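Remarks on the overall topology
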Amino acid sequence: MRKYMQAALEEAKKAAQLGEVPVGAVIVRDGEIISRGHNEVETRKDPTAHAEILAIRSAAEKLGGWRLIGCQMFVTTEPCSMCAGAIVWSRIEKLHIGTMDPKSGACGSVFNIPQESRLNHFTEIEYGLMQEECSCIMKDFFKQLRKKKSEEKQQ
């Protein structure tokens, strides 16, 4: 399990290098990573270009259909409501989350969309896989961003 979250962390690092919020996701089926994604919202100028959405699109293309039966997603930070909805609709069976997002997380923090009993699909969720590493990359990114903004104000 750690190797898959490590791969998601590598995706998050790619996002950070682009100046994107460092979230990474991978989708695994039968022990093989079939797709990867990292945030590209700013790069693509697309509000839907979240790591999870990009990974889901890639997996669906690879598998030749939108139902990702038998798939698991590993994501560094708790998905937002848009991504949580896509996880439900794509039928991902299990979601592994590195660190939670208490402000906008929709998989247990603010909402719990993947386990909403009124929806037609239930996604099993595991929390805290490599939590420290996943939390640190996010904290470091925003610390650097605040520092950069502070330096810009001083000029």
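Here the structure is a predicted model, which is why all the values come from computation and not from measurement. (Residues numbered from 1 in each chain as written. Predicted model: local features only at pLDDT ≥ 70, side-chain atom pairs only at ≥ 80, totals over all residues. Heavy atoms only, no water.)

**A few points about the packing of helix H3 (residues 51–63) against helix H4 (residues 81–89)**
- At a minimum axis separation of 9 Å, H3 and H4 run at an interaxial angle of 25°. When the interaxial angle is binned, H3 and H4 end up roughly parallel. As for how H3 packs across H4, the hand of that crossing is left-handed. Contacts between H3 and H4 involve Glu52, Ile53 and Ile56 on the former and, on the latter, Met82, Cys83, Ala86 and Ile87.
- Here the residues of the contact of H3 with H4 are counted per class, giving 6 nonpolar, no polar and 1 charged. (Axes fitted to C-alpha atoms, helices over the stretch in contact; angles between N-to-C directions. Helix = DSSP H or I, 4+ residues; strand = E, 2+ residues; numbered from the N terminus. Parallel < 35°, antiparallel > 145°, perpendicular 65-115°, else oblique. Left-handed = near helix turned anticlockwise from the far one by under 90°. Contact = heavy atoms within 4.5 Å. Nonpolar A, V, L, I, M, F, W, Y, C, P; charged D, E, K, R; others polar.)

**Comments concerning the sheet that holds strand E5 (residues 124–127)**
- The 5 strands are arranged E2-E1-E3-E4-E5 in an open sheet whose pairing can be described as mixed. The open sheet terminates on both sides in strands that have one partner only, identified here as strand E2 (32–38) and E5. For this sheet, the mean angle separating the axes of adjacent strands, direction not counted, is 20°.
- Where helix H1 (residues 2–17) meets the sheet, its contacts fall on strand E1 (24–29), E2, strand E3 (71–77) and strand E4 (94–99), and the angle it forms with E1 comes to roughly 145°. (Pairing = 2+ DSSP bridges.)

**Structural notes on H4**
- Within H4, burial applies to Cys83, Ala84, Gly85, Ile87 and Val88.
- Along its buried surface, H4 packs onto H3, E3 and E4.
- Looking at the residues trailing H4, positive phi occurs at Arg91, about 70°. (Buried < 20%, exposed > 50% of the residue type's maximum accessible area, 1.4 Å probe, protein only.)

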